[in-house]
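Structural characterization, general
One-letter residues, chain by chain:
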Amino acid sequence: MPRNLKEEVVFTAIMAGLMVFVMVCYNVLLVQGFTKGVMLNTISEYPGGLLAAIILDLLVVGPIAKKLAFKYIINDYMKKNVVLIGITISVLMVLGMVTCMSLFGMIMAHNFGSNLLMTYLHTWGFNLIVALPLQLLIVGPIARAVLGIMQTATDKKQATQETVDEEIE
């Protein structure tokens, strides 16, 4: 888990950047199929989706997911295993982000259908079946690996600085 603002920003950028790109591709493919314009439409829709996802992640879904996880789900046993905490928060984040971003996608695509609720539930379900495994099996591990590399480098730098400080004294 990120330990400071810099780590949080990098982690969120990787997570949101990859998730939004794949999910935009997926949704464009669902709407128009394999056509020449898939990549062009994906690239044109990506910036707006990324901005919305980052704002939702940092200001709404992230804080709510973490609060719910630590208040209601994560117990003393789970606190001993960081992986369980990460998976729990990831699942809650996916549920929250799919809930919000499905609505965002419907609004941006003007896809309201004849029955708004059924269209939303259909969109939500189709997004969830891709977003959850994508997060747990591909994007989450990539983002955590990069975060781990950052944290290891920071820890080494701090240890070196402490050694230098001790030698000066």
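Residues numbered from 1 in each chain as written. Predicted model: local features only at pLDDT ≥ 70, side-chain atom pairs only at ≥ 80, totals over all residues. Heavy atoms only, no water.

Looking only at helices and strands, one finds 5 helices and 0 strands in the protein chain. Traced from its N-terminal end to its C-terminal end, the protein chain shows the element sequence α-α-α-α-α. Expressed as lengths along the three principal axes of its C-alpha atoms, the size of the protein chain is roughly 75 × 40 × 25 Å. Within the span of the protein chain, comprising 169 residues, buried residues form 33% of the whole. (Helix = DSSP H or I, 4+ residues; strand = E, 2+ residues; numbered from the N terminus. Buried < 20%, exposed > 50% of the residue type's maximum accessible area, 1.4 Å probe, protein only.)

Bringing the packing of helix H2 (residues 38–73) against helix H4 (residues 82–109) into the picture now. With their axes 8 Å apart at the nearest point, H2 and H4 run at an angle of 135 degrees to one another. Judged by the angle between their axes, H2 and H4 are oblique. For the element pair H2 and H4, the recorded crossing hand is right-handed. When grouped by side-chain class, the residues that make up the contact of H2 with H4 number 17 nonpolar, 5 polar and 2 charged. (Axes fitted to C-alpha atoms, helices over the stretch in contact; angles between N-to-C directions. Parallel < 35°, antiparallel > 145°, perpendicular 65-115°, else oblique. Left-handed = near helix turned anticlockwise from the far one by under 90°. Nonpolar A, V, L, I, M, F, W, Y, C, P; charged D, E, K, R; others polar.)

Moving on, we come to the pattern of salt bridges. Tallied over the entire structure, the rule returns 3 salt bridges. A salt bridge links Glu-7 to Arg-3, with the shortest nitrogen-to-oxygen separation between them at 3.7 Å. Relative accessible area serves as the criterion here: at 46%, Arg-3 is assigned to the partly exposed category. Among the ionic pairs, Lys-66 bridges to Glu-8, the shortest N-O distance being 3.7 Å. Of this pair, Lys-66 sits in helix H2 while Glu-8 sits in helix H1 (residues 5–32), and the two are 58 residues apart along the sequence. Accessibility expressed as a relative area gives 18% for Glu-8, which makes it buried. Here the residues in one salt-bridge network are Arg-3, Glu-7 and Asp-155, joined through shared partners. (Salt bridge = Lys/Arg side-chain N within 4 Å of Asp/Glu carboxyl O.)

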